[in-house]
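# What the coordinates show
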Amino acid sequence: MLISYSVKNYRSIADQQVLSFAPMNRQKEYLSNILSEGEYSALNVVALYGANASGKSNLIRGLSSFIRLLRNSAMDTSISGLDYQPFLLREGYDKKPTQMEIVFTIDGRRYRYGFEYNSTEIVKEWLLKKDVGRESPLFEREGDTIDPSSPLSTNKKLVDLAIDATRSNALFLSVCDALNIDEAKKIIAYLGNFPLINGNSPAMLFRSNYNIRLWQDESYSPALQGLFSRMDVDVKEISFQRNESLYDIKTKHSLYDSEGNASGEMVTLDMLQHESSGTQQAFRLSGPVIQSLLSGGVLVIDEIESKLHPVMTLRIIDLFLDKETNPKGAQLLFSTHDTNLLTYANLRRDQICFMEKNAWEASELFSLSDFVYYGEKDGHIIPEKERVDTDKEKRYIEGRYGAIPMLGEFKEYVKSLWQNEEK
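Below, the structure is looked at part by part. Every residue gets a number counted from 1 within its own chain, in the order that chain's sequence is written. Reporting of local features is limited, given that this is a predicted model, to residues whose pLDDT is at least 70; pairs of side-chain atoms are given and counted only at 80 or more, and all residues count toward the totals for whole chains, interfaces and linings. Derived side-chain values reflect all non-hydrogen atoms in the structure, with water molecules and hydrogen atoms excluded from consideration.

### Description of the environment of Tyr-401
As a reminder of what qualifies: Secondary structure counts use DSSP, requiring at least four H or I residues in a row for a helix and at least two E residues in a row for a strand, with both numbered from the N terminus. To sort residues, take the accessible area from a 1.4 Å probe on protein chains only and compare it with the maximum for the residue type: under 20% means buried, over 50% means exposed, and anything in between is partly exposed.
Of note, Tyr-401 is situated in the loop between helix H11 (392-397) and helix H12 (410-422). The exposure class of Tyr-401 is buried, given its relative accessible area of 2%. Separated by 35 residues in the primary sequence, Tyr-401 and Phe-366 have C-alpha atoms spaced 9.7 Å apart.

What follows is the structure in structure tokens.
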């Protein structure tokens, strides 16, 4: 269960920003949106709003970079560079390391894992675990010095081997996983399986092996076929043909006679050539959605509304919000510009986050739960939180929460062009 993700000095993000799935204690709306695992709790969905270039995609890209480094670190070479993209708009940040950290639970135990890195090396790395009482380190690393604790493994020789095998540009946790150290395997299996989807990425990507494997996996295929058939895309059947490293995806539709009646025959079409972008996107999302729901994993989608009808977007989110369709506690993080969801999705205030840039163009993250109004009562200025029944969509469009484009006067500017033309 994901509790939080934080990132510092990555692309447009300068100072540490924390994306929290932890529910606010005093909020009583939609209590069913809270997941529980042992003594810990987390939200099942978090929505991320903000203007274009506010940093939403960079936050998600940072999480993708975190997962990618964790998966590939042990397999890279000693000369492999790291995905170091520091904040460049303020002096000194290009000399600071990037920092990422994630807090999560597995089997009721809370872990906190993170690292700092620059373009050539892992500067720091840490893994802490909390069963009961205070947090205790499983290992801490600074430069080439790695200090493991006894709970990491009962096999000291294997841990020593992992320490010796860890390069300066590799993560110790990834090396432990490669050497089959149990605690590391369990953590990598959880963290290394966050599907991250970019809603606006090229259509070719839905032909990737990852998506096709899900459709060909007997444990997922029936559920995928069922969900896809209910997305109102009129596709009766899907088949796959291997084409080098990718697959050609074929769809079957009913053939209708000259009177417009179904003839019982089928017509085979090519998904990429003949189907709409909406059908392609529905196909692409159905795999990760079903996998996450059936495994209880975490799904991350950048621009979830891309190419989809608003009702379909809402229905996908509802699958994660409803305990009957999400009994294993899967979680969804998505970015969006679809303000309809602020009205129609049953989201708590702590499930709605915003990003915007500060005065020196660095991205900052805040929750609707943090938003405070100051009003007068009995001659005193008092702070008030946003009400549960507030029209959140209207307030957002009006700019009450910030995180919207600060646009110039389009109309006045274009009028001035015509006025200049007349002169």
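Having seen the structure, we can now continue with the description.
### Notes on a nonpolar patch on the surface
Where we set the bar: Exposure above 30% relative accessible area and the lack of any salt bridge qualify a residue for a patch; like charges then connect within 9 Å, and the nonpolar side chains Val, Leu, Ile, Met, Phe, Trp and Tyr within 5 Å. Using a 1.4 Å probe, accessible areas were evaluated by the Shrake-Rupley method; residue-level cover was limited to the displayed protein chains. What makes a salt bridge here is a side-chain nitrogen of Lys or Arg within 4 Å of a carboxyl oxygen of Asp or Glu, nothing more.
On the surface, Tyr-413, Val-414, Leu-417 and Trp-418 cluster together into a nonpolar patch covering about 460 Å² of accessible area. Looking at the secondary structure, you find Leu-417 in helix H12.

### Some words on the sheet that holds strand S13 (residues 246-256)
One key point about sheets: their strands pair by backbone hydrogen bonds, in either a parallel or an antiparallel sense. Condition: Paired strands are those between which DSSP finds at least two bridges. As a rule, the C-alpha atoms of each element are fitted with a line to give its axis, helices using only the stretch in contact, and angles between N-to-C directions run from 0 to 180 degrees. The contact rule is simple, with two residues in contact once any of their heavy atoms fall within 4.5 Å.
Judged by pairing direction, the sheet is antiparallel, and its three strands sit side by side in the order S12-S13-S14 without closing on themselves. Looking along the sheet, the strands with just one partner apiece sit at the ends: strand S12 (237-243) and strand S14 (262-270). Taking the axes of each pair of neighbouring strands and ignoring which way they run, one obtains an average angle of 30° across the sheet. In this structure, S12 lies alongside S13, joined through seven bridges in antiparallel fashion. For Phe-240, the partnering residue across the bridge sits in S13 and is Ile-249. Of the strands in this sheet, S12 and S13 are in contact with helix H5 (residues 209-216), which crosses S12 at around 130°.

### Some points on the pattern of salt bridges
The final tally for this structure, using the stated rule, is 14 salt bridges. For the salt bridge of Lys-250 with Asp-270, the shortest nitrogen-to-oxygen distance reads 3.3 Å. With Lys-250 in strand S13 and Asp-270 in strand S14, this residue pair connects regions lying 20 residues apart in the sequence. A single burial state applies to Lys-250 and to Asp-270, both of which are buried. A salt bridge links Asp-350 to Arg-348; the nearest nitrogen and oxygen atoms lie 2.7 Å apart. For the pair shown, Asp-350 and Arg-348 are each scored as buried. One connected set of salt bridges, linked through shared partners, spans Glu-101, Arg-110, Arg-112 and Glu-135.

### Concerning the sheet that holds strand S8 (residues 122-130)
Pairing within the open sheet is antiparallel, and its seven strands lie in the order S2-S1-S6-S7-S8-S9-S10. In this open sheet, the two edge strands, each paired with only one partner strand, are strand S2 (17-20) and strand S10 (145-148). Looking at each pair of strands side by side, their axes are set apart by 10° on average, direction ignored. When strand S1 (residues 2-8) meets strand S6 (residues 98-106), the two strands line up antiparallel, connected through six bridges. Within S6, the residue paired with Val-7 across the bridge is Met-100. Against the sheet, helix H4 (residues 182-191) touches S1, S6, strand S7 (109-117), S8 and strand S9 (136-142), its axis set at about 100° to S6.

### Comments concerning the packing of aromatic side chains
This is how the line gets drawn: Aromatic rings from Phe, Tyr and Trp, taking only the six-membered ring of Trp, are treated as a pair when their centres fall within 6.5 Å; an angle between ring planes under 30 degrees marks them as stacked, one over 60 as edge-to-face, and anything in between as tilted.
Within the structure shown, the criterion is met by 22 aromatic pairs. Relative to Phe-354, the ring of Tyr-49 lies with its centre 6.3 Å away and its plane at 45°, an arrangement referred to as tilted. Taken as a pair, Tyr-49 in strand S5 (residues 45-50) and Phe-354 in strand S17 (residues 352-357) lie far apart in primary sequence, 305 residues in all. For the pair Tyr-49 and Phe-354, a shared accessibility class is recorded, and that class is buried.

So yeah, pure geometry; function would need other evidence.
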